[in-house]
Amino acid sequence: SQQGEEDPQALSIQEGENATMNCSYKTSINNLQWYRQNSGRGLVHLILIRSNEREKHSGRLRVTLDTSKKSSSLLITASRAADTASYFCATAPTGGFKTIFGAGTRLFVKA
Amino acid sequence: SQTIHQWPATLVQPVGSPLSLECTVEGTSNPNLYWYRQAAGRGLQLLFYSVGIGQISSEVPQNLSASRPQDRQFILSSKKLLLSDSGFYLCAWAGGSNNEQFFGPGTRLTVL
């Protein structure tokens with residue numbers, strides 16, 4: 001399967017709740033990135049966590065990385081209807097120019 | 001600041017017709033450039049990437065080709081489109097060691 005597998009595939013929550021998305025990968029990485037995509041648009045970079053970091057925060061976003069388990073999670077706290085989008089994790093394998101994207105998690109936040 | 005342009009935004013083409021999608025980047029030099037395809041509701045499939053003028057790496061065998069005639073120009077082409085070429089095509093650039101990618105608005109291609 002492709003490097004960078006997110007779960008769940010889809011997530012529906014109420015506004016104000018927290019949303020957690022997970023990502024697993026297979027190879028050694030330099031960093032792991034999370035992107036957001038609104039329907040029919042390009043992807044927007046949200047946050048990057050390096051392989052020697054365990055946790056990173058940006059506003060309402062919290063990302064964790066566990067290199068021993070080759071997994072990462074993205075937590076969006078106090079979700080808003082405007083957070084409705086698809087979220088992708090992407091890994092930058094060691095020694096390469098490519099960034100490998102997963103299939104994404106579709107988040108729907110109900111107002 | 002850097003910007004990335006893609007055109008056209010939408011395209012409807014008959015099977016067997018040629019294709020040319022263009023992507024240009026402003027405000028940066030010697031970027032890594034990427035073409036991705038995204039099927040409806042799916043993730044991104046890397047098609048081609050380029051680390052310099054005239055340097056193209058192909059990720060999957062297919063009906064498409066790419067060229068980089070100038071430092072900040074990346075073109076995706078096909079001589080004869082197939083139905084399976086339909087999809088959302090995204091161009092992206094990256095610079096620096098992190099390989100953080102910046103995406104264009106995409107082109108939605110429908111082959112009929």
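Just so it is clear, the model here is predicted, and its values are computed rather than measured.

Trainee: A description of the state of the cysteines should follow, citing residues and the corresponding values.
Mentor: Residues and elements named next belong to chain A. If you walk through the whole model with that rule in mind, you get 2 disulfides over all chains. The disulfide partner of Cys23 is Cys89, and the gap between their sulfur atoms is 2.0 Å. Here Cys23 and Cys89 share a disulfide; its torsion about the S-S bond, 65 degrees, makes the bridge right-handed. In this pair, Cys23 is assigned in strand S3 (residues 19-24) and Cys89 in strand S9 (residues 85-93), connecting sequence segments 66 residues apart. Like Cys89, Cys23 is buried.

Trainee: Tell me about the nonpolar core, and please be specific about residues and values.
Mentor: Residues A:Met21, A:Leu32, A:Trp34, A:Leu74, A:Ile76, A:Tyr87 and A:Leu107 are the most contacted members of the largest nonpolar core, which totals 20 residues. Looking at this core, the elements with two or more residues in it are S3, strand S4 (29-37), strand S5 (43-50), strand S7 (61-66), strand S8 (71-76), S9 and strand S11 (105-110) of chain A. Counting residues in hydrophobic clusters, the runner-up holds 19 residues, among them B:Cys23, B:Leu76, B:Cys91 and B:Leu109.

Trainee: Can you tell me about the interface of chain A and chain B, naming the residues and giving the values?
Mentor: If you look at the interface, chain A gives 21 residues, while chain B gives 22 residues. Scanning the region where chain A abuts chain B turns up 1 salt bridge. Linking B:Glu59 and A:Lys98 is a salt bridge whose minimum nitrogen-to-oxygen distance equals 3.1 Å. Elements with a minimum of two residues in the side of chain A that touches chain B: S4, S5 and S9 of chain A.

Trainee: I'd love a proper account of the sheet that holds S7(A), names of residues and values included.
Mentor: All names here are of chain A. One open sheet accounts for 5 strands, arranged S1-S3-S8-S7-S6; its pairing is antiparallel. Both outer strands of the open sheet, strand S1 (5-7) and strand S6 (55-58), are each paired with one neighbouring strand and no more. On average, each strand axis in the sheet is tilted by 20 degrees relative to the strand beside it, whichever way the strands run. Here 4 bridges tie S6 to S7, and the two strands are oriented antiparallel to one another. In the sheet register, Ser58 faces S7, and the bridge partner there is Leu61.

Trainee: With reference to specific residues and values, describe the pairing of S11(A).
Mentor: All names here are of chain A. Burial along S11 is one-sided: the face carrying Thr105, Leu107 and Val109 is buried and the face carrying Arg106, Phe108 and Lys110 is not. Pairing analysis gives 3 bridges linking S9 to S11, with the strands arranged antiparallel. Counterpart to Tyr87 in the pairing with S11 is Thr105.

Trainee: Got a sec to walk through the packing of aromatic side chains? Specific residues and values, please.
Mentor: Tallying each qualifying case throughout the model produces 9 aromatic pairs over all chains. When the centroid spacing of 5.4 Å and the interplanar angle of 85 degrees are considered together, the rings of A:Phe101 and B:Tyr36 count as edge-to-face. Highlighted residues: A:Phe101 in strand S10 (residues 100-101) and B:Tyr36 in strand S4 (residues 32-38), drawn from two different chains. Considered together, A:Phe101 and B:Tyr36 belong to a single accessibility category, that of buried residues. Both rings, one in B:Tyr34 and one in B:Tyr36, keep their centres 6.2 Å apart while their planes meet at 20 degrees; by these two values the pair is stacked. You can call B:Tyr36 buried: its relative accessible area is 1%. Within the aromatic cluster, the residues linked to one another by ring pairs are A:Tyr35, A:Phe101, B:Tyr34, B:Tyr36, B:Tyr49 and B:Phe103.

Trainee: Please set out the pattern of salt bridges residue by residue, giving values where relevant.
Mentor: What the rule picks out here adds up to 7 salt bridges over all chains. Overlapping salt bridges, with partners in common, bring together A:Arg36, A:Arg60 and A:Asp83 in one network.

The rules behind these values
- Residues numbered from 1 in each chain as written.
- Chains lettered and ligands numbered in written order.
- Predicted model: local features only at pLDDT ≥ 70, side-chain atom pairs only at ≥ 80, totals over all residues.
- Heavy atoms only, no water.
- Disulfide = S-S within 2.5 Å.
- Helix = DSSP H or I, 4+ residues; strand = E, 2+ residues; numbered from the N terminus.
- Buried < 20%, exposed > 50% of the residue type's maximum accessible area, 1.4 Å probe, protein only.
- Core = buried A, V, L, I, M, F, W, Y, C linked by side-chain atoms within 4.5 Å.
- Contact = heavy atoms within 4.5 Å.
- Salt bridge = Lys/Arg side-chain N within 4 Å of Asp/Glu carboxyl O.
- Pairing = 2+ DSSP bridges.
- Axes fitted to C-alpha atoms, helices over the stretch in contact; angles between N-to-C directions.
- Phe/Tyr/Trp six-rings, centres within 6.5 Å; stacked < 30°, edge-to-face > 60°.

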